[in-house]
Amino acid sequence: MLQTPTDLEPEAVEKVASAINGLLADAFSLYMKTKNFHWHVSGPHFRDYHLMLDEHADQIFASTDPLAERVRKIGGKTLRSIGEIMKLRRIQDNDADFVSAADMLGELLADNKAMAAAMRDAHDVCDDAEDVATASLLEDLIDQTERRTWFLFEASRAADQSGH
């Protein structure tokens, strides 16, 4: 552990760092999957989905630095390689040659819901460690993740009889 000035107990730093590193690995995996689908989406709603997925990917990638830096601020070690991401991630790849737009949205919807649940679990770890700053960061990221989930849900709904 680093000798970064913190009043958190070393055991708390280790638990928080572990929880956040898991989220960080998931964020990199979800970012790549979202970009994969952004690059390969096709169909009548191509432009809308392409732009939405690009926005989502940017937001997910933007979360990685604050997560990693938070681990460092409390004296923990953070991810160092793609290999470490592969060991810690819970978000699975989709390397299929073709995925329908509907399946893309459904898969990302499930992944974002899982990400929000993992963030809530990490928030509990932070609460137990009395690490309010990391918990606060997670609260903002949970809100962003729930917004992405909402957009994916609404975009994946079938039109009603009126076409809406």
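Description of the structure in this document. (Residues numbered from 1 in each chain as written. Predicted model: local features only at pLDDT ≥ 70, side-chain atom pairs only at ≥ 80, totals over all residues. Heavy atoms only, no water.)

### Quick look at the environment of Cys 126
Note the cut-off: Numbering of helices and strands starts at the N terminus; helices are DSSP runs of H or I of at least 4 residues and strands are runs of E of at least 2. The contact rule is simple, with two residues in contact once any of their heavy atoms fall within 4.5 Å.
Within the secondary structure layout, Cys 126 lies in helix H4 (residues 101-129). Between the C-alpha atoms of Cys 126 and Ala 102, which are 24 residues apart in sequence, the distance is 36 Å. In this view, Cys 126 contacts Val 16, Asp 131, Thr 134, Ala 135 and Leu 138; residues no more than four positions away in its chain are not counted.

### Things to note about the nonpolar core
Here is the rule we go by: Side-chain atoms within 4.5 Å are what join buried Ala, Val, Leu, Ile, Met, Phe, Trp, Tyr and Cys residues into a set we call a nonpolar core. Each residue is assigned to one of three classes by its accessible area relative to the maximum for its type, calculated with a 1.4 Å probe on protein chains only: buried under 20%, partly exposed between the two thresholds, exposed over 50%.
Ile 20, Leu 23, Leu 67, Met 119, Leu 138 and Leu 152 are the most contacted members of the largest nonpolar core, which totals 43 residues. Looking at this core, the elements with two or more residues in it are helix H1 (10-40), helix H2 (46-73), H4 and helix H5 (132-156). Counting residues per element, this core draws most heavily on H1, which supplies 12 residues. Not counting residues up to four positions away in its chain, the partners in contact with Leu 67 are Ile 20, Leu 24, Leu 137, Leu 138 and Leu 141.

### Focus on the side chain of Thr 64
We apply this condition: In protein, a polar contact means a hydrogen-donor-capable atom and an acceptor-capable atom, both N or O and within 3.5 Å, with residues adjacent in sequence counting only if both atoms are side-chain atoms; elsewhere, any N or O pair within 3.5 Å suffices.
For Thr 64, the location among the structural elements is in helix H2. Reaching out from Thr 64, the side chain makes a polar contact with the backbone oxygen of Phe 61 at a distance of 2.7 Å. Excluding residues that lie within four positions of it along the chain, Thr 64 makes contacts with Leu 24, Ala 27 and Phe 28.

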